[in-house]
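Secondary and tertiary structure notes
This is what each chain is made of:
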Amino acid sequence: MAIKIENLSYSYLQPFGEKVEALKNVSCSIADGDFVGIMGHTGCGKTTLLQLLAGLRAPTSGQIYVNGEEINAKGYDKSSLRQTVGVVFQNPEYQLFATTVEKDVAFGLKHSGLSRQEVTARVQWALETMGFDFAKIRSQSPLALSGGEKRRVAIAGVLARKPEILLFDEPIAGLDPYGRENFLRFVGEINQAGTTVLMVSHNMEALAEYTKHLLVLEQGRLIDSGPTREVFVRLKQRKNGAFGQTKAQKIATLLAEVKLPLSSGVVTYADLLSALKQELTGGGRG
Amino acid sequence: MLIAGNNISFSYDFDGSSLALQNVDIRIEQGEFVAILGCNGSGKSTLVKHFNALLQLQQGELRVAQIDARNEKDIWYLRRLCGMVFQNPDQQFVSSVVEEEIAFGLENYETPRDEIPNRIQAALALVEMSGYAKRAPNTLSGGEKQRIALAGVLALEPEIIIFDEVTAMLDPNGRQEVVEIMHKLHGAGKTIIAITHYVEEAVAADKVILMHKGRVLACGGPRAILSDLDLMREAELIPPLPVRLYHDLRQAGVHLRHCPLTDEELVEEIWQLRSKI
Ligand SMILES: Nc1ncnc2c1ncn2[C@@H]1O[C@H](COP(=O)(O)OP(=O)(O)OP(=O)(O)O)[C@@H](O)[C@H]1O
Ligand SMILES: Nc1ncnc2c1ncn2[C@@H]1O[C@H](COP(=O)(O)OP(=O)(O)OP(=O)(O)O)[C@@H](O)[C@H]1O
Ligand SMILES: [Mg+2]
Ligand SMILES: [Mg+2]
C-alpha cells in the first residue's frame, strides 16, 4: 500500500506551555511494496513520525494518505487502518501482558475471523519465524524471558496479523547478531512478497543492506531522501561527517586518508571486500 | 579480587528444572573494564544481577569486595557499591520529573542535601542532557530516556558500574559518546562491567567474558577471544569487521600479515601490504 505525506508537522505541548516541534513540514511518498529506512539522531522525530503514520496521533498540520485516503479526514474509518498497519514500538516489551507467550501473540488475532486452528497455526508460524521453538515457548510467561526474547515475542505478535504495512521502531535493538540477521532477512522476504515496510534504525549496516529507500531526519526536518545507496554516499560528503556512515564507509575514509582511496560507492561490507580484493591482488592500480 | 564467584548456578523455576546459569566461575579485578558478550538468553543479565544482590545466590559462592553476597544484611551496601543501568530504562523511572528522578536515588543513598543539586547537574552534563532537567521522563525519546537512566546511576558515583546494553537505543554518535563515558569512568578508577551486542564495544576492554547457554564459554583478552573464529561461532556471535575481513581476504588469496582487531590496525595492515605491491 502506498503512503503519501504532505507538509506534516507535529508539536508536543509541554506542561509549562513550551512546545517541542518534533516534526517540521515533512513531505514524501512511499510506493506500494517499498522498504524504507528512517535514520536520524536521538530525538529527531522518528518515533513521532511512525506514531502519526499509525494514526496514534493527529498531526498539528499536514496530511497523511494511506492508499489514497487521508487518515485524519472526517469519516475515515480508523479501525481499517489498525487492520492495515502493524507497528512494533521501540520498547515493545511493555506491550506484553498475557499469561502465556501463545496468548500474547494470539491477542491481535481476536477479531480476525480465523478459526482456532488457524490462529494456532498463525501463532506458531510467527514464533518460529522469530526463532523460537514453539513447543518450548508457547506456555511460558512473557515476563519470564530475557530482554531480547521479549522483543522477539512482541515482534511475533505483530507479524501474526500479517498487516499490509509494517512499521518497525528500532526492531533490532537488543537482538543478538544472528537474531538481527534472521529478522532482517525475513523482513526482506515479506517485503519481496508485497508488504510495505518502514524501519527506524540506528544500525547503519541494517539500513544499508536491507532497505531500498532512506529518509533522513534532523531535528524534525527531512534533510535527505532517495535510494539507500545514493543517500549513504551523499551523507558521506556532508560536512559533519560521522553522521550516517556504515563501518565499511568509515574504513574507506581511513584508507583515503593514507592515500588509498577506494570507490566512493563503497557502502556495505560486500562492497568493501570486493574493492579491497581488486586493490590488493594487483587488479587495482598495481 | 573485587568480584569472585565460584560454581554459580541459578534457576528462575521453582523446581530448578532449567538453569539460567550453570557452574559459572568469575573473577573481576578492582579497576578492570570487563565486557560481557553472548547471544539472547545466554545468561548475561542474570549473572550481573547477582553482583548487587538483585538476584539471590542459589548455588555456589560469590564475594563482592570481600562481602559474601549471601549476607542479607549487606544487601544495601552491595547495591550502593555496585550501580546498574538496566536494559529497559523505563523500568527504572519512578518520578515524573527528570531531576527528581535523579534526586530520588541520591536521597535514597543519603547524599548530603546541599550536594544533591550539583550532583544532578554534573550527571546530566556528563550525558549531555543538561537542558532536560524539568522534563517528564515519559515524554522523552528512546535514546533520551536511556541517557537519563545513565545519569541516574552515574550521579550515585558507585565504585562498580554495570551497563546492561545501554547503547542499544542510541544513534552511532551517542553510542560512541557513551562508550567514551565508560572509558572515562574507567580511567578514574571505577570498575566497569559492560554487556553489549556490539562486539566493537568490547575491543578496548581489559577482559571479555563470553557466555553461552548459561555458561562461561571463554574469558580472556579481547584479541584472543574476538579473533577466534571457532570460539565466536560456538558462541553464536559475529566477530568484529576487521577480523571478518582478514579471513575473507585470505580466502581470496590476499594475506594480511596479522589479524587486525580495530579499524586503525586494519588500515595499517592494508597499507603495509599495498606498499609492497
Ligand atoms: N510525549 C512527549 N511530550 C513531549 N515531548 C516529546 C514527547 N515524545 C517525544 N517528545 C520530544 O519530541 C522529540 C522527538 O521525539 P521522538 O521520540 O520522535 O524521537 P526519535 O527520533 O524517535 O528519537 P530516538 O532515536 O531517541 O528514539 C524529542 O525531542 C522528544 O524529547
Ligand atoms: N524473570 C525470569 N523468569 C524466568 N526466566 C527468566 C527470567 N529472566 C530471564 N529468564 C531466562 O533465563 C535465561 C537467561 O536470561 P538472561 O536475561 O540472563 O539473558 P541475557 O543473556 O541477558 O539475554 P538478552 O541478550 O536477551 O538480554 C533465558 O533463557 C531467559 O528466558
Ligand atoms: Mg524513537
Ligand atoms: Mg539481558
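So, a few notes on the structure that sits alongside this text. (Residues numbered from 1 in each chain as written. Chains lettered and ligands numbered in written order. Predicted model: local features only at pLDDT ≥ 70, side-chain atom pairs only at ≥ 80, totals over all residues. Heavy atoms only, no water.)

Before going further, it helps to examine the packing of aromatic side chains. Summed over all chains, the structure comprises 5 aromatic pairs over all chains. Relative to Phe 183 of chain A, the ring of Phe 168 of chain A lies with its centre 5.2 Å away and its plane at 85 degrees, an arrangement referred to as edge-to-face. Pair noted here: Phe 168 of chain A is in strand S7 (residues 165-169) and Phe 183 of chain A is in helix H7 (residues 177-192), with a separation of 15 residues, a long-range link. On the basis of relative accessibility, which here comes to 0%, the residue Phe 168 of chain A falls in the buried class. The cationic tip of Arg 180 of chain A hangs over the ring face of Tyr 198 of chain B; the distance from NZ or CZ to the ring centre is 5.1 Å. (Phe/Tyr/Trp six-rings, centres within 6.5 Å; stacked < 30°, edge-to-face > 60°. Helix = DSSP H or I, 4+ residues; strand = E, 2+ residues; numbered from the N terminus. Buried < 20%, exposed > 50% of the residue type's maximum accessible area, 1.4 Å probe, protein only. Lys NZ or Arg CZ within 6 Å of the ring centre and 35° of its normal.)

Residue and element names in this part refer to chain A. Every protein donor of the magnesium ion (ligand 3) is listed here as Thr 47 (OG1) and Gln 90 (OE1), and their distances to the metal cover 1.9 to 2.4 Å. With Thr 47 in helix H1 (residues 46-53) and Gln 90 in the loop between strand S6 (85-88) and helix H3 (101-106), the pair connects residues that are 43 residues apart, well separated along the chain. Classification of Thr 47 as partly exposed rests on a relative accessible area of 23%. Residue classification places Gln 90 among the buried residues on the basis of a relative accessible area of 10%. (Donors = N, O, S within 2.8 Å, 3.2 Å for Na, K, Ca; no water.)

To continue, consider the site of ligand 2. Inspection of the region around ligand 2 gives 20 residues, with Ser 146 and Glu 149 of chain A together with Lys 44, Thr 46 and Gln 87 of chain B positioned closest. Lying at an intersection of chains, ligand 2 is approached by residues of chains A and B. Between Glu 149 of chain A and ligand 2, the recorded distance is 2.6 Å, taken from a side-chain N or O atom to an oxygen atom. Here an oxygen atom of ligand 2 and a backbone polar atom of Ser 42 of chain B are 3.2 Å apart. Here ligand 2 has 640 Å² of accessible area as a free molecule, and 82% of this is covered by the chains. Elements with a minimum of two residues in the shell around ligand 2: helix H6 (147-159) of chain A together with helix H1 (44-51) of chain B. Of the residues belonging to the shell around ligand 2, the class tally is 6 nonpolar, 11 polar and 3 charged. (Near = heavy atom within 4 Å. Polar contact = N/O pair within 3.5 Å; in protein donor to acceptor, adjacent residues only side chain to side chain. Areas by Shrake-Rupley, 256 points an atom, 1.4 Å probe, with all protein chains shown as cover. Nonpolar A, V, L, I, M, F, W, Y, C, P; charged D, E, K, R; others polar.)

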